[in-house]
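Observations on the three-dimensional arrangement
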Amino acid sequence: GLKSEDYLPVSRGFDTMTGFLTGGEDHFKQTVECGTDFWTDRAPDHRNGTYDAYTYRDVVDQLFEAHSAEDPFFLYLSLHNVHTPLEAPEEWLDVYPVNSTCKSRRTYQAMVSIADNVTALVVKHLKEKKMWDNTLIVVSADNGGAPCSGSNYPLKGCKGTFFEGGVRSSAFANGGLIPQSMLGKSVEGYIHIADWYPTFCGLAGVDPSDSGPGKFPVDGVDVWPLLSGAANASTHDEILLGFNFTESDPEQGAIIVGDYKLVVGSQKASCDSLMYSPLDYPCTQGPAAPDCDPNCLYNIREDPQEKNDL
């Protein structure tokens, strides 16, 4: 929506939206560079000045209070936690003793606790409105831990690289819609973040094909059979992770085919791009691995730490 109103969420199927249009804004002031960036629907939202996760928490309350449990409900709650800048209110920082860990990790811990608290509020509302039994909740990161601050233990690399530390993200699903036999289980099949859209469409009984102007094919696949236990293998034969990733790195790319991942181009972009980050990173540092220039090939099923370049 930053470039054109045609791309705002409320122009693309959502009834309402609250949030920002750029990225990395101040959590307390909602400022980025020289301006304030906080919106509801198509207009500036003047609630800026409050820690943003608290505002989103209030919006969650309002949405559930106004919703009839008899109607379908889709909520996309893209919390700013734990994105930079690393900031948290004192009441959450105080949960973690000052000397128990290094400063940035303590702030991370507080920010994760806030995200957990807001997510718990969603669950509370769903159960109170008797909606839980027909609900699927997906909690997913969109990349690995941030460069120079987030731990991707025991994997190599970080956000901005094609190593597993950059692209193998944490995710889980819950809700009453998931069969009891699958609760608490891990699935081994590949799931790409683009798969959630056709999965939600399948559950809602609608065609995920793009019908808008300038439409493109939908890349994701419906992974409900994997989540529900109806299938035990991914329907992905291959996953293209990237090609010509940025203008500054036109030779970068990566693709997964079966158990193998081909990484093309140098992955050294920041202080920990090649690091095996320890569990308490950045409090302590880990060993660095060789770069992937011109290319590397790994069996990520048997070697998820990418130690053996085939």
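This write-up is about the structure you can find in this document. (Residues numbered from 1 in each chain as written. Predicted model: local features only at pLDDT ≥ 70, side-chain atom pairs only at ≥ 80, totals over all residues. Heavy atoms only, no water.)

**Structural notes on the nonpolar core**
Residues Phe 162, Phe 163, Tyr 190, Ile 239, Ala 254, Ile 256, Val 263, Leu 274, Cys 292, Cys 296, Tyr 298 and Ile 300 constitute the largest nonpolar core, which totals 12 residues. Elements supplying a minimum of two residues to this core: β9 (253-257) and β11 (295-299). Among residues more than four places away in sequence, those in contact with Ile 300 are Glu 164, Arg 168, Tyr 190, Ile 256, Asp 259, Lys 261 and Glu 306. (Core = buried A, V, L, I, M, F, W, Y, C linked by side-chain atoms within 4.5 Å. Buried < 20%, exposed > 50% of the residue type's maximum accessible area, 1.4 Å probe, protein only. Helix = DSSP H or I, 4+ residues; strand = E, 2+ residues; numbered from the N terminus. Contact = heavy atoms within 4.5 Å.)

**Overview of the packing of aromatic side chains**
Counted according to the given criterion, the structure contains 7 aromatic pairs. For the ring pair Phe 14 and Phe 74, a centre distance of 6.1 Å and an interplane angle of 50° mean the geometry is tilted. Placement of Phe 14 in the segment before β1 (18-19) and of Phe 74 in the loop between α1 (52-66) and α2 (90-93) is noted, with a sequence separation of 60 residues between them. Assessed through its relative accessible area of 32%, Phe 14 is described here as partly exposed. Taken together, the aromatic side chains of Phe 14, Phe 74, Trp 196 and Phe 200 make up a single cluster linked through ring pairs. Its guanidinium or amino end placed over the ring of Tyr 54, Arg 57 lies 4.5 Å from that ring's centre, counting from NZ or CZ. The ring of Tyr 276 carries the charged tip of Lys 307 above its face, separated from the ring centre by 5.5 Å. (Phe/Tyr/Trp six-rings, centres within 6.5 Å; stacked < 30°, edge-to-face > 60°. Lys NZ or Arg CZ within 6 Å of the ring centre and 35° of its normal.)

**Regarding the sheet that holds strand β5 (residues 43-44)**
An order of β1-β4-β5 is seen for the 3 strands of this open sheet, with the pairing classed as antiparallel. Bordering the open sheet on either side are β1 and β5, each of which pairs with just one other strand. Of the pairings in the sheet, the one linking strand β4 (residues 39-40) to β5 comprises 2 bridges and is antiparallel in character. Across the sheet, residue Trp 39 finds its bridge partner in β5, namely Pro 44. (Pairing = 2+ DSSP bridges.)

**A few points about the pairing of β9**
Relative to β9, strand β8 (residues 238-243) runs antiparallel, the two sharing 5 bridges. The residue of β9 that forms the bridge with Gly 242 is Ala 254. Both β9 and strand β10 (residues 260-264) contribute to a ladder of 5 bridges, which runs antiparallel. The partner of Ala 254 across the bridge, within β10, is Val 263.

**Description of the side chain of Asp 45**
Along the chain, Asp 45 falls in the loop between β5 and α1. With a relative accessible area of 8%, Asp 45 lands in the buried category. Once you skip the residues sitting within four places of it in the chain, Asp 45 turns out to touch Thr 18, Phe 38, Trp 39 and Thr 40.

**Points about the pattern of salt bridges**
For the coordinates displayed, the defined rule picks out 8 salt bridges. One salt bridge connects Glu 164 with Arg 168, and the closest N-O pair in it is separated by 2.8 Å. Classification of Arg 168 by relative accessible area gives partly exposed; the value is 40%. We note a salt bridge from Glu 164 to Lys 261, for which the minimum N-O separation is 2.7 Å. Highlighted residues: Glu 164 in helix α4 (residues 164-167) and Lys 261 in strand β10, separated in sequence by 97 residues. Its relative accessible area of 0% is what places Lys 261 among the buried residues. Three or more residues are tied together by salt bridges with common partners; here these are Glu 164, Arg 168, Lys 261 and Glu 306. (Salt bridge = Lys/Arg side-chain N within 4 Å of Asp/Glu carboxyl O.)

**Topic: the state of the cysteines**
A full pass over the atoms with the stated rule returns 3 disulfides. Here Cys 102 is linked by a disulfide to Cys 283, with a sulfur-sulfur distance of 2.2 Å. The disulfide joining Cys 102 to Cys 283 has a torsion of about -85° about its S-S bond and is therefore left-handed. Taken as a pair, Cys 102 in the loop between α2 and α3 (103-128) and Cys 283 in the loop between β10 and β11 lie far apart in primary sequence, 181 residues in all. Given a relative accessible area of 30%, Cys 283 falls into the partly exposed group. What pairs with Cys 148 in a disulfide is Cys 271, and their sulfur atoms sit 2.0 Å apart. Here Cys 271 lies in the loop between β10 and β11 and Cys 148 lies in the loop between β6 (137-140) and α4, a separation of 123 residues in the sequence. According to the relative accessible area criterion, Cys 271 is partly exposed, its value standing at 49%. Looking at the unpaired Cys 158, the closest cysteine sulfur is the one in Cys 148, lying at 6.8 Å. In this structure Cys 158 comes out as buried when scored by relative accessible area, which is 0%. (Disulfide = S-S within 2.5 Å.)

By themselves these figures say nothing about function.
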